[in-house]
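Structure assessment
Here is what each chain is made of, one letter per residue.
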Amino acid sequence: MILNLLARSVGAIGGVEEAILTLLALFATAAVVSVAVEQLVPVPYTIGLVLAGLLVSLLDLPLSVTLTEEFILLVVLPTLVFQSSINIDGARFREELRPILTLAVPGLVLSVVVVGAAAPALFGFSPAVALLLGAILLPTDPVSVVALFDELGAPEQLSVLVEGESLLNDGVGIVLYTVLLGLVVEARGVPTAELVTASDLVRDVVVGIVGAMVGGVVVGGLVGYAAYRLLALTDDATTGILVTFLVAYGAYVVAEQIAASGVVATLAAGLLLSRRSTPEAVGVRARLRIGEVWETAAFLANTVIFVAIGLATPVALLVENAGAILTAVVLVFLARAVVVYPLTGLHNWRSVDTVPWSYQHVVVWAGIHTSVPIALALGLPERLPAPLRERLLALVFGVATVTLLVQGLTMASLVERLGIVTKSDDERLYELLVGRLHGVDAAIEAAEEYHEHDDMPTPLYEDAVADYETERDRLDRRISQLIETSPELREKEQLLDERRLLQREELGIRNAMERGVVSREAGEKLLEEVQRRSDRVAHGQPTLGEDDLNRAAVWQSVADAHGLQPGGEAAANEGAADDGADGKSSDDSEDD
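Residues numbered from 1 in each chain as written. Predicted model: local features only at pLDDT ≥ 70, side-chain atom pairs only at ≥ 80, totals over all residues. Heavy atoms only, no water.

Here we come to the overall build of the protein chain. A tally of regular secondary structure across the protein chain gives 26 helices and 0 strands. Relative to its full complement of 592 residues, the protein chain shows a buried share of 47%. Here the contacts in the protein chain between residues at least 6 apart in sequence split such that 79% fall between residues at least 24 apart. About 29300 Å² of surface is accessible on the protein chain, with carbon and sulfur atoms providing 59% of the total. (Helix = DSSP H or I, 4+ residues; strand = E, 2+ residues; numbered from the N terminus. Buried < 20%, exposed > 50% of the residue type's maximum accessible area, 1.4 Å probe, protein only. Contact = heavy atoms within 4.5 Å. Areas by Shrake-Rupley, 256 points an atom, 1.4 Å probe, with all protein chains shown as cover.)

Below, the structure written as structure tokens:
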């Protein structure tokens, strides 16, 4: 089904040969764009793709793509969501889950209400169509923004907040779209108030969102856990890749079949799989291969979708509706701003883990509305009046183009002006050294594996390992020197490393509980202690190096109650030694 959708979406009207030629043309365009943005025009890759597509469309070159709702939602979206879910920092995502949910669920709903209240006066739409327009326009797409954050070295809290909100509000937006589209289709020529009351509409929206999200989490959790158990049984990278593709698309399709959120299901499955896939459960080589394949898949999906958006953009229709489009851009921005600031302020008031003002500005400006809004607009049924459908398409494509170009191109300047960029020269050098160290360690591990399976002769193995170990020693010395001369870098990396170690502590305790080695009561006490330390680390307070009594209060207090004092064994040995010495002295005295 997916291959069929892909073939149809790239314009394979003349058969497989035309589909292949079209794909080759798309990838050739992407290759030219990649070189251009690297060597000539310093713009984000995704923006370059859209501009290239627009240029091809304006020049009327023989390259056409039939962009469809099914292609975006069933082929592209699961790939992008799953790739994000296995790469996002799971611990940071959990820490930021409250503001993410606040912005993605009530935040999106309230923004849709703002658009629904203003659009009738601005565009002459009925209330139902105005709300539908908001549901289509407001889901966000952070691909180009998150890539820019990585390049600039923006704080991980900000990156996770923007990416997490976008992943979840896509699912919420699709639910709102489904509910409101049904209302619009049913209300053709009939006042909305005669069909449904406000309370009924609120009930339908709440039930739809809660059902979609809960169902998505359940489906994603089950599929992700089943995949983790399968991956734990094999070290074969190819099998692992197949399993992860089944997870990404299987969770999405199953959830959609039961009226749950496919986006939430794929996100939940990816997060669970990423958290469970420790080196003990899934081989290092398999995890590396899986990560590489999904990175490539996401790159290809972004390439096709953004070139296709540029090609499919109805330029003449956008020019014709330029005034309305600019009005819609301002309305969408204001609808997002008037919701983001109050909701994050409310979150900050009730939480110690606050979202700074500067981050809030970036979150508002990161509202780029491309892939999902265009997919929803393309899914508008043909039975809607043609002028209405055409105008909605013009507004959606127009807002997508303007927000991508304007906000995408100015994001770097905004982040730098707000002083959010945190990556210093020392940190860039540290990244380079640590990245190479990871590569060296992986090479040594691979050489050992090849030698163990007789795939590498002993002399070559010894030479290779000796070379890599020499380089690793040099890297270790350089990293140590850099950390010693840069206190800020040392503190930042200490917190990052401690967060990772605490994650492994938590996982180890949970695994012990699952195996029955530790009772639930004891395990929960230990997990509470780990959480306490994690909270301190999240607020920039390291716990490594503290007194053992503070770092291990739970087990230490219980051990003390049983008479097992710190250093008791050493003290006992010391006492025995003293007794022996005393005895010897007595004997010596007696001899004298």
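Another aspect to go through is the packing of helix α6 (residues 97-123) against helix α7 (residues 127-137). The contact between α6 and α7 brings their axes to 7 Å, and the two run at 125 degrees. Here α7 runs oblique to α6, going by the angle between their axes. The element α6 and its partner α7 pack so that their crossing is right-handed. Residue-level inspection shows Val112, Val113, Val115, Gly116, Ala119, Pro120 and Phe123 of α6 in contact with α7, the latter providing Pro127, Ala130, Leu131, Leu133, Gly134 and Ala135. Within the contact of α6 with α7, the residues separate by chemical class into 11 nonpolar, 2 polar and no charged. (Axes fitted to C-alpha atoms, helices over the stretch in contact; angles between N-to-C directions. Parallel < 35°, antiparallel > 145°, perpendicular 65-115°, else oblique. Left-handed = near helix turned anticlockwise from the far one by under 90°. Nonpolar A, V, L, I, M, F, W, Y, C, P; charged D, E, K, R; others polar.)

Glancing now at the packing of aromatic side chains. All told, the structure shown has 7 aromatic pairs when counted by the stated rule. Residues Phe245 and Tyr249 carry aromatic rings whose centres are separated by 6.5 Å and whose planes lie at 5 degrees to one another, so their mutual orientation is stacked. Of this pair, Phe245 and Tyr249 both sit in helix α12 (residues 237-257), 4 residues apart, which is roughly one turn of that helix. Assessed through its relative accessible area of 14%, Tyr249 is described here as buried. Among the aromatic residues, ring-to-ring pairing joins Phe82, Phe245, Tyr249 and Trp294 into one connected group. (Phe/Tyr/Trp six-rings, centres within 6.5 Å; stacked < 30°, edge-to-face > 60°.)

Moving on, we come to the pattern of salt bridges. Proximity of charged atoms lets side chains of opposite charge pair with each other. Per the counting criterion, the structure on display carries 11 salt bridges. Arg92 is the salt-bridge partner of Glu96, the closest N and O atoms lying 3.3 Å from each other. A relative accessible area of 0% means that Glu96 is categorised as buried. Between Asp441 and Arg472 there is a salt bridge, with its nearest N and O atoms 3.2 Å apart. Taken together, the positions of Asp441 in helix α20 (residues 425-452) and Arg472 in helix α21 (residues 458-485) put the pair 31 residues apart, joining distant regions of the chain. For Asp441, a relative accessible area of 31% puts it in the partly exposed group. The partly exposed category is assigned to Arg472, whose relative accessible area is 26%. Look at the salt bridges and you will find they share partners, linking Arg92, Glu95 and Glu96 into a network. (Salt bridge = Lys/Arg side-chain N within 4 Å of Asp/Glu carboxyl O.)

Right, let's talk about the nonpolar core for a bit. Ranked by internal contacts, the top residues of the largest apolar core, which has 120 residues, are Phe123, Phe125, Phe149 and Leu158. Here the element with the most residues in this core is helix α9 (residues 156-186); it accounts for 16 residues. The residues contacting Phe125, other than those within four sequence positions of it, are Ala119, Pro120, Ala130, Leu133, Leu388, Arg391, Leu392 and Leu395. One finds Val219, Ala269, Ile290 and Ala297 within the second-largest nonpolar core, a separate group that totals 20 residues. (Core = buried A, V, L, I, M, F, W, Y, C linked by side-chain atoms within 4.5 Å.)

Glancing now at α12. Under the 1.5 Å per step criterion, the end-to-end length of α12 is 30 Å for 21 residues, consistent within 8% with the ideal 30 Å. Maximum bend of α12: about 25 degrees, positioned at Gly250. Taken together, the buried positions of α12 are Ala237, Gly240, Ile241, Val243, Thr244, Val247, Ala248, Tyr249, Ala251, Tyr252 and Ala255. Following α12 by one or two positions, Ala259 adopts a phi angle in the positive range, close to 65 degrees. (Expected span 1.5 Å × (residues − 1). Bend = angle between axes of the 7 residues up to and from the residue.)

Attention now moves to the environment of Val218. As for its position among the elements, Val218 is in helix α11 (residues 198-231). The class for Val218 is partly exposed, based on a relative accessible area of 45%. Taking C-alpha positions, Val218 is 9.0 Å from Ala255, a pair spaced 37 residues apart along the chain.

Judged by side-chain polarity, Val202, Val206, Val210, Val214, Val218 and Leu222 come together as a nonpolar surface patch covering roughly 530 Å² of accessible area. Tracing the backbone through its elements, the reader meets Val202 in helix α11. (Patch = residues over 30% accessible without salt bridge, like charges linked within 9 Å, V, L, I, M, F, W, Y side chains within 5 Å.)

Moving on, we get to the environment of Gly398. Tracing the sequence through the fold places Gly398 in helix α19 (residues 386-417). Judged by relative accessible area, which is 1%, Gly398 ranks as buried. The spacing of Gly398 and Thr313 is 85 residues in sequence and 8.3 Å in space, taken between C-alpha atoms.

Take the packing of α9 against helix α17 (residues 357-365) next. With their axes 10 Å apart at the nearest point, α9 and α17 run at an angle of 35 degrees to one another. Our pair here, α9 against α17, has a crossing hand that is right-handed. Within the contact between the two elements, α9 uses Gln157, Leu158, Leu161, Val162 and Glu165 and α17 uses Tyr359, Val362 and Val363. Broken down by class, the residue content of the contact of α9 with α17 amounts to 6 nonpolar, 1 polar and 1 charged.

The next thing to look at is a negative patch on the surface. Among the surface-exposed residues, Asp425, Asp426, Glu488 and Glu491 lie close enough to one another that they form a single negatively charged patch. Residue assignment for the negative patch shows that the elements contributing at least two residues are α20 and α22 (487-514). Mapped onto the elements, Glu491 comes out in helix α22. (Lys, Arg positive; Asp, Glu negative; His and termini not counted. Charge placed at Lys NZ, Arg CZ, Asp CG, Glu CD.)

Looking at where Gln83 falls in the secondary structure, it is placed in helix α4 (residues 69-87). Its relative accessible area of 18% is what places Gln83 among the buried residues. Once you skip the residues sitting within four places of it in the chain, Gln83 turns out to touch Trp294, Glu295 and Ala298.

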